[in-house]
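Fold and contact review
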Amino acid sequence: MAMIDEPLYPIAVLIDELKNEDIQLRLNSIRRLSTIARALGEERTRKELIPFLSENNDDDDEVLLAMAEELGVFVPYVGGVEHANVLLPPLEGLCSVEETCVRDKAVESLCRIGSQMREADLLEFFIPLVKRLAAGEWFTARVSSCGLFHIAYPSASETLRNELRTIYSQLCQDDMPMVRRAAATNLGKFAATVEPAHLKTDIMSMFEDLTQDDQDSVRLLAVEDCAALGKHLEPQDCVAHILPVIVNFSQDKSWRVRYMVANQLYELCEAVGPEATRTDLVPAYVRLLRDNEAEVRIAAAGKVTKFCRILSPELAVQHVLPCVKELSSDSSQHVRSALASVIMGMAPVLGKDATIEQLLPIFLSLLKDEFPDVRLNIISKLDQVNQVIGIDLLSQSLLPAIVELAEDRHWRVRLAIIEYIPLLASQLGVGFFDDKLGALCMQWLKDKVFSIRDAAATNVKRLAEEFGPEWAMQHIIPQVLDMINDPHYLYRMTILHAISLLAPVMGSEVTCSKLLPVIVETAKDRVPNIKFNVAKVLQSLVPIVDQPVVEKTIRPCLVELSEDPDVDVRYFANQGLQAIEQVMMSS
């Protein structure tokens, strides 16, 4: 009896669970659909499971979303591509629900199934489904249909193609803005499948309707279409049809549309080509840089380097640089911050002379900005300027500002400077570094903020790597070791961390003669945190020094610490002793 009931069991359980009041149970059963389908076999899945799911009128969006997702990968469980059409009815129902994310997932799953279906099945099942959704009474169905045309169109006959283009054109003029938005969003995908002859006529006419829509939410989506359509049109058609639209959009009465143009500007320039960019888009871009809405200026400022790369240096200096100067003292800190994050990239574009004359004063004013993010953005990109103007000029003009920022009241600015120091050191050379920046690097080891002290310790190690152990022996090691007696235990901990990082760079000899005696002495510190950090450092030194030193110096010190009253000190000392045993066993 049990054997006969077995195949019925999964579907019965599924039905019970899908009708259960507990949403989690319903969700779990939907996520197990593939397991149930395998148990049922392909034929029963097609005849029982899928019809049941089509009739399932669950009202919880989470369950419906899971179902839309599962059905997208269900083709193998219904018998492969030849039976894929049975999956369309449940997904068609999901395309009309109110919740957007469920509809989007259903459209995504339909596209996935449609792209696998045979041409005859697309004609018989998929295209009628698209037409039904496009003619749906509820706007939700019409919204969903827009995302399916690019799958349906390639396999349609000439007559059907004409019909599909007409239907899409009607969707572009639908009464509901949500439908027009969906049509605008998917126009680029649909255009990619349409023949070139119809692209210039039908698609461009739909595009023009969308660009003149009275809703700014539709027009701003049409901005994205400019770039997408530009890829499929000939250059001369781009200039004739797309360019005027971009220029109009850059003066649109809605700031959101202007923002979209500023944001997409580089892609739009690629669509219309360099010639049209120079003649028509430069004035449009200058307008956006001087827009009265801060959000538009932020988006435009963020694209300044990319835009200048398309132009000749002369055009950039003539048209864009005056705007950049204005933006560097903009009333909005976010505009200045956006500018600071990209302005350094202009240096290679403009060349040495223009950078020194025009850009350097702007860099310096932004480095002194009252808003920390602006200063940060400039510091993090300084290396791009070094390559252009050379280190002598950089050290004369920018270094005083860097030294000032090294003591900035915002710790993130100090951190950015520290991370930049090794690069600066390698470019300035050892002599210059010792004069100007050496003292700063030691000063940071005693900063009030842990992240700064931690970065300063790493910085000291990187400098030792850059200038070599001999230089470090003269300029770093003595100063670091002097600080180990600082009255504040947190600073003593930083020095221990710095020593552990320096030891591998300095090598065994210096570690044994200079660093190890200091660490062993620090093991007598009265603060437990210092003592267990000593144990950690000693453990890290085991692979660096020779075996006799481990036995003579490190092991006795760790044994002493392993008998400390503090539990953490004992723990880390024992960890160190275990590490010594492992090294001995492996050798």
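Residues numbered from 1 in each chain as written. Predicted model: local features only at pLDDT ≥ 70, side-chain atom pairs only at ≥ 80, totals over all residues. Heavy atoms only, no water.

For the protein, the helix and strand inventory stands at 40 helices and zero strands. Since a compact globule built from 587 residues should have a radius of gyration of about 25 Å, the 34 Å found for the protein marks it as more spread out than a globular shape. Expressed as lengths along the three principal axes of its C-alpha atoms, the size of the protein is roughly 90 × 85 × 40 Å. Looking at the protein residue by residue over its 587 residues, the buried ones come to 53%. Look at the contacts in the protein between residues 6 or more apart in sequence, and 68% of them connect residues 24 or more apart. For the protein, the accessible area works out to roughly 26,600 Å², and carbon and sulfur atoms hold 51% of it. Put simply, the protein has 57 plus and 84 minus side-chain charges, and the middle of one group is 4 Å from the middle of the other. (Helix = DSSP H or I, 4+ residues; strand = E, 2+ residues; numbered from the N terminus. Rg over C-alpha atoms; globule rule 2.2 N^0.38 Å. Buried < 20%, exposed > 50% of the residue type's maximum accessible area, 1.4 Å probe, protein only. Contact = heavy atoms within 4.5 Å. Areas by Shrake-Rupley, 256 points an atom, 1.4 Å probe, with all protein chains shown as cover. Lys, Arg positive; Asp, Glu negative; His and termini not counted. Charge placed at Lys NZ, Arg CZ, Asp CG, Glu CD.)

Counting all residues, the mean pLDDT for the protein is 80, and 92% of those residues have values of 70 or more. The spread of mean pLDDT over the elements of the protein runs between helix H1 (residues 2-5), the lowest at 39, and helix H10 (residues 139-146), the highest at 88. Note on residues 1-7: pLDDT under 50 across the span, and two contacts to partners over four residues away in sequence or across chains. (pLDDT = per-residue confidence, 0-100.)

What the rule picks out here adds up to 21 salt bridges. Between Glu 108 and Lys 105 there is a salt bridge; the shortest N-O distance is 3.5 Å. Highlighted residues: Glu 108 and Lys 105, both in helix H8 (residues 100-114), separated by three residues, approximately one helical turn. Classification of Glu 108 as partly exposed rests on a relative accessible area of 40%. Between Asp 486 and Lys 446 there is a salt bridge, and its shortest N-O distance comes to 2.9 Å. Residue Asp 486 is found in the loop between helix H35 (477-482) and helix H36 (489-506), and its partner Lys 446 is found in the loop between helix H32 (438-443) and helix H33 (450-467); the two are separated by 40 residues along the sequence. Judged by relative accessible area, Lys 446 falls into the partly exposed class, the value being 38%. Overlapping salt bridges bring together Lys 105, Glu 108 and Arg 112 as one network. (Salt bridge = Lys/Arg side-chain N within 4 Å of Asp/Glu carboxyl O.)

This paragraph deals with the packing of aromatic side chains. According to the stated counting rule, one finds eight aromatic pairs in the structure shown. Considering the side-chain rings of Phe 149 and Tyr 168, the 5.0 Å spacing of their centres and the 85° angle between planes classify their relative orientation as edge-to-face. Pair noted here: Phe 149 is in helix H11 (residues 149-152) and Tyr 168 is in helix H12 (residues 158-172), with a separation of 19 residues, a long-range link. Taken together, a centroid distance of 5.1 Å and an interplanar angle of 80° make the contact between Tyr 571 and Phe 572 edge-to-face. Judged by relative accessible area, Tyr 571 falls into the partly exposed class, the value being 47%. (Phe/Tyr/Trp six-rings, centres within 6.5 Å; stacked < 30°, edge-to-face > 60°.)

Below, the discussion takes up helix H6 (residues 61-72). Along its 12 residues, H6 runs 17 Å from first to last C-alpha, staying within 8% of the 16 Å computed at 1.5 Å per residue. Every buried residue of H6 is accounted for by Val 63, Leu 64, Ala 66, Met 67, Ala 68, Glu 70, Leu 71 and Gly 72. Those residues of H6 hidden inside the fold are in contact with helix H3 (23-31), helix H4 (33-40), helix H5 (42-55), helix H7 (88-94) and H8. (Expected span 1.5 Å × (residues − 1).)

Let us now look at the side chain of Arg 103. Residue placement: Arg 103 occurs in helix H8. The buried charged residue Arg 103 lacks any salt bridge, with Asp 104 as its nearest oppositely charged partner at 5.6 Å. Within polar-contact distance, the side chain of Arg 103 engages the backbone oxygen of Val 97 at 3.1 Å. (Polar contact = N/O pair within 3.5 Å; in protein donor to acceptor, adjacent residues only side chain to side chain.)

Take the nonpolar core next. Within the largest apolar cluster, 209 residues are counted, with the highest numbers of intra-cluster contacts made by Phe 126, Ile 242, Ile 343, Trp 444 and Ile 554. In terms of residue count, helix H30 (residues 411-428) provides more of this core than any other element does, nine residues in total. Filtering out sequence-adjacent residues up to four positions away, Ile 343 remains in contact with Thr 305, Val 324, Leu 359, Ile 362, Phe 363, Leu 366 and Ile 378. (Core = buried A, V, L, I, M, F, W, Y, C linked by side-chain atoms within 4.5 Å.)

What follows deals with the layout of surface pockets. Taken as a whole, the largest pocket holds about 310 Å³ of empty space. Along the walls of the largest pocket sit 15 residues, with Asp 104, Val 143, Ala 182, Thr 185 and Asn 186 positioned nearest its centre. Secondary structure elements with two or more residues in the lining of the largest pocket: H8, H10 and helix H13 (177-193). For the second largest pocket, the calculated volume is near 200 Å³. If you go around the second largest pocket, the residues you meet are Phe 450, Arg 453, Asp 454, Leu 490, Met 493, Thr 494, Leu 496, His 497, Ser 500, Asn 533, Lys 536 and Val 537. (1 Å grid on protein atoms, 1.4 Å probe; cavity = no way out; pocket = protein on both sides within 12 Å on 5 of 7 lines; lining within 4 Å. Points joined across faces, edges and corners; volume = space filled by probe spheres on them.)

To continue, consider the environment of Leu 423. Among the structural elements, Leu 423 can be located in helix H30. Each C-alpha atom of the pair Leu 423 and Leu 164 lies 60 Å from the other, and the pair is 259 residues apart in sequence.

For H8, which comprises 15 residues, the first-to-last C-alpha distance of 21 Å matches the rise-based estimate of 21 Å (1.5 Å per residue) to within 8%. Along H8, the positions that sit buried rather than exposed are Val 102, Arg 103, Lys 105, Ala 106, Val 107, Ser 109, Leu 110, Cys 111, Ile 113 and Gly 114. Along its buried surface, H8 packs onto H6, H7, helix H9 (119-134), H10 and H11.

Further remarks concern the environment of Ile 421. Topologically, Ile 421 is positioned in helix H30. Overall, Ile 421 belongs to the buried group, its relative accessible area being 1%. Between the C-alpha atom of Ile 421 and that of Ser 562, which follows or precedes it by 141 residues, the distance is 39 Å.

When you line up the elements, Arg 492 lands in helix H36. The exposure class of Arg 492 is buried, given its relative accessible area of 7%. A distance of 3.0 Å separates the side chain of Arg 492 from the backbone oxygen of Pro 487, its partner in a polar contact. Within the structure, Arg 492 has its side chain in polar contact with the side chain of Asp 525 (distance 2.8 Å). Discounting residues that sit within four places of it in the chain, Arg 492 has contacts with Ile 484, Asp 486, Pro 487, Asp 525, Val 527 and Ile 530.

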